[in-house]
Amino acid sequence: MSQYDAIFQPIQIGKLTIRNRVVSTAHAEVYATDGGMTTDRYVKYYEEKSKGGVGLCICGGSSIVSIDSPQHWWSSVNLSTDRIIPHFQNLADAVHKHGGRIMIQITHMGRRSRWDGGHWPNLVSPSGIREPVHRATCKTIEIEEIERIIKDYAQAARRAKEGGLDGVELSAVHQHLIDQFWSPRVNKRTDEWGGSFENRMRFGLEVLKAVRAEVGPDFVVGMRICGDEFHPDGLSHDDMKQIAKYYNDTGMVDFFGVVGSGCDTHNTLANVIPNMSYPPEPFLHLAAGIKEVVSVPVIHAQNIKDPNQAQRILEAGYVDLVGMTRAHIADPHLIAKIKMGQIDQIRQCVGANYCIDRQYQGLDVLCIQNAATSREHMGMPHIIEKTSGPQRKVVVVGGGPGGMEAARVCAERGHQVVLIEKAEELGGQITIAAKAPRRDQIAGITRWFQLELARLGVDLRLGTAADAELIAEFKPDVVILATGGRPFLEQHPEWGAAEGLVVSSWDVLSGKVEPGKNALIYDTICEFSGMSVADYLAEKGSLVELVTDDIKPGAAVGGTTFPTYYRTLYEKEVIMTSDMALHKVYREGSKLVAVLENEYTGQQEERVVDQVIVENGIRPNEELYYQLKDASRNRGQIDIDALFAGQPQPCLSDKGDGYLLFRLGDCVSQRNTHAAIYDALRLCKDF
């Protein structure tokens, strides 16, 4: 463990001792229920992290202090009512019993939200300037409202203290109300709340004073700030250093959490939670700059994913604590595994941003590769226990994410597992996705499974096409099909797939088909694959037009991710065309003519190109399933009541000859990586 000594050094924040230097920082989980209460799912999510060894959890990103700061959008925690106190007591007890510490981020969102839900409030900001990301209008805040909200902060902090939490973090980042007052970009006031530096600092200072007066000197109060807003007319790094020093010198702030970049535009939002296209810890220098001017501990959390990064950052003294938030979403037992020397067993975050992109769609935070995260309350295990029942012979066909998870879980349960994959390597569609520029880290999902399957002794049969005869040779008790699908090019015969006029994104990314000099991509799915192949072709020097019949290219790619694609596609002069369907393709000499039809007018246009790539999703590979179905004891059926409830399949207790047959993932219907892994976990955990 000496290799990671810096991680395991305790630290004092105010009068509170934290057992190590790793923090799960505040994020909006979208788990709060019953009007913003931290109920069972919420509690067990944070208990698992504490059980796994994390030093400090700061929960509840954007938790509201006032009823006119909309709570509905994030399903955030509601600190505007005393109803929250007993729920906090449950949360605090669950975390404390495993040695962890728990705080909560509190805020008033000001203009950064939506008004069309919940109480339907009038949003407020210092000068009534709307925020671009949420497209919501707001009013200019009045002095009486300022005074009310300051009191609301104090009462929210009181509720956190009475609930047994260890502290609060004031959110003054991401253009919430406190930093809306700071920024001359949005604060145009000429009264005592705007103009000069001291006036712009006044709201945050009065909040801090009111909170301290309510909770006293010993309760931890921190502040989360950005290191640079990255706007020409916004707060620069030097400005933020001045602001941090100002509040530090009051003696009322116990720690600063520092992130890089503001996020009140789509482009800057992508910076705040860096996806796999970013380098490691890209904004560490900004946090280190803040540390130079303050005397209290500094936390930094952006793209710190593995223990070696964390150790290096802490050892060098850039900051005092490292936030590994997405790392703990991927593996809440990360710290325990470091302690036990199980570094290779850490399920490392790959930066897919499935978690945060769901949050920005108002959906609950989930991990693309760990289906147990946030489902602890449903009995989804992070640690798979050995079965107390019979040992079974399990044959898994298909080495994509669903098949790998099924094989892993069955092997952890103690069963004898054979995994058959027709390709020469594991990974399935992950392998194809990793060929795209800036997407190579997605292959980390496969690497972890490879290590786990080797550790568990799974019998891998790569480069082997499975059929009914081969499967019968293994005399299986259970057969699990995860055979995936194939590109769905034949949906419209007018596209000319049968004549070879169009190819799939898989063909291009896998290298099966050479890039055309002048390529048209027609993307009906608007997720990663179409954007990825456009990026790939443009990087190879092709002229590219990306066409969709949807509202915009990449419409289904999340809010922290599509901006990174747009940056590079605009830079490479990719033409992006929306509202146009591919009507037909025909050959004219050595060229292809793609006929596009406007979704709304029916007007047609033609493009003369060298290559047409169609991304139209997939059709399931179900031939093997229908070969095996009739001979199976359960006729291939999954009891969905049991599956959805996380209960064992009833057919497991049936006696009889022959095998049980199940299928999951894309060989049933197209969904995504998380869906395949989740189905595998909830199906196989009780085998």
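Per an unreviewed UniProt entry, the protein carries the name Dimethylglycine demethylation protein DgcA and comes from Balneatrix alpica. A UniProt comment under Sequence similarities (unreviewed entry) is attached to the protein, and it reads "In the N-terminal section; belongs to the NADH:flavin oxidoreductase/NADH oxidase family."

Student: Before we go on, may I ask you to explain the overall build of the protein in this structure?
Tutor: Assigned secondary structure in the protein consists of 22 helices and 27 strands. For the protein, the spread of C-alpha atoms along the three principal axes comes to 80 × 65 × 45 Å. Within the protein, contacts between residues at least 6 apart in sequence are counted, and of these 71% link residues at least 24 apart. Total accessible area on the protein stands at roughly 25800 Å², and carbon and sulfur atoms take up 48% of it. Of the side-chain charges in the protein, 73 are positive and 89 negative, and the distance between the mean point of each set is 3 Å.

Student: Hey, could you run me through the UniProt feature "domain: FAD/NAD(P)-binding" (unreviewed entry) in the protein in this one?
Tutor: Feature annotation in UniProt places "domain: FAD/NAD(P)-binding" (unreviewed entry) on residues 393–642, given in this structure's numbering. Between the C-alpha atoms that bound residues 393–642 the distance is 22 Å, and the span itself is 29% helix and 28% strand.

Student: Which parts of the structure should I look at to understand the state of the cysteines?
Tutor: Put plainly, a disulfide is one covalent bond tying together the sulfur atoms of two cysteines. Under the counting rule described, the total for this entry stands at 0 disulfides. Residue Cys57 stays outside any disulfide, its sulfur separated by 8.0 Å from that of Cys59, the closest cysteine.

Student: Hey, could you run me through the nonpolar core in this one?
Tutor: Counting 100 residues, the largest nonpolar core has Trp182 and Phe203 as the members making the most contacts within it. For this core, the leading source of residues is helix H5 (residues 197–215), giving 8 residues. One finds Ala352, Val409, Ala434 and Ala482 within the second-largest nonpolar core, a separate group that totals 46 residues.

Student: Please explain the side chain of Arg607 as it appears in this structure.
Tutor: Looking at the element boundaries, Arg607 is found in strand E24 (residues 604–609). Residue Arg607 is classed as buried on the basis of its relative accessible area, which comes to 18%. Within polar-contact distance, the side chain of Arg607 engages the side chain of Glu605 at 2.9 Å. In this structure, Arg607 is in contact with Leu520, Glu545, Thr577, Leu592, Val593, Ala594 and Leu596, ignoring residues within four places of it in sequence.

Reading guide: rules and limits
- The written sequence of each chain sets the order in which its residues are numbered from 1.
- Local features in a predicted model are, by the rule used here, given only for residues with pLDDT of at least 70; side-chain atom pairs are given and counted only at 80 or more, and totals for whole chains, interfaces and linings are based on all residues.
- Only hydrogens and water are set aside when side-chain values are computed; all heavy atoms of the structure are taken into account.
- UniProt positions are given in the numbering used here, feature names are shortened, and annotations may be inferred rather than shown by experiment.
- Numbering of helices and strands starts at the N terminus; helices are DSSP runs of H or I of at least 4 residues and strands are runs of E of at least 2.
- It only takes one pair of heavy atoms within 4.5 Å for two residues to be counted as in contact.
- The Shrake-Rupley method, run with a 1.4 Å probe sphere, supplies the accessible areas, and residue values consider only the shown protein chains as cover.
- Only four residue types enter the charge count, namely Lys and Arg as positive and Asp and Glu as negative; His and the chain termini do not.
- Throughout, a charge is located at the NZ atom of Lys, the CZ atom of Arg, the CG atom of Asp or the CD atom of Glu.
- The term disulfide is used for any two cysteine sulfur atoms that are within 2.5 Å.
- Joining through side-chain atoms within 4.5 Å is the link that ties buried Ala, Val, Leu, Ile, Met, Phe, Trp, Tyr and Cys residues into a set, and such a set is a nonpolar core.
- The classification of residues rests on relative accessible area computed with a 1.4 Å probe and restricted to protein chains. Under 20% of the type maximum is buried, over 50% is exposed, and intermediate values are partly exposed.
- As used in this structure description, the phrase polar contact means that two N or O atoms lie within 3.5 Å; if the pair is within protein, one of them must be able to donate a hydrogen and the other to accept it, and residues adjacent in sequence are counted only when both atoms belong to side chains.

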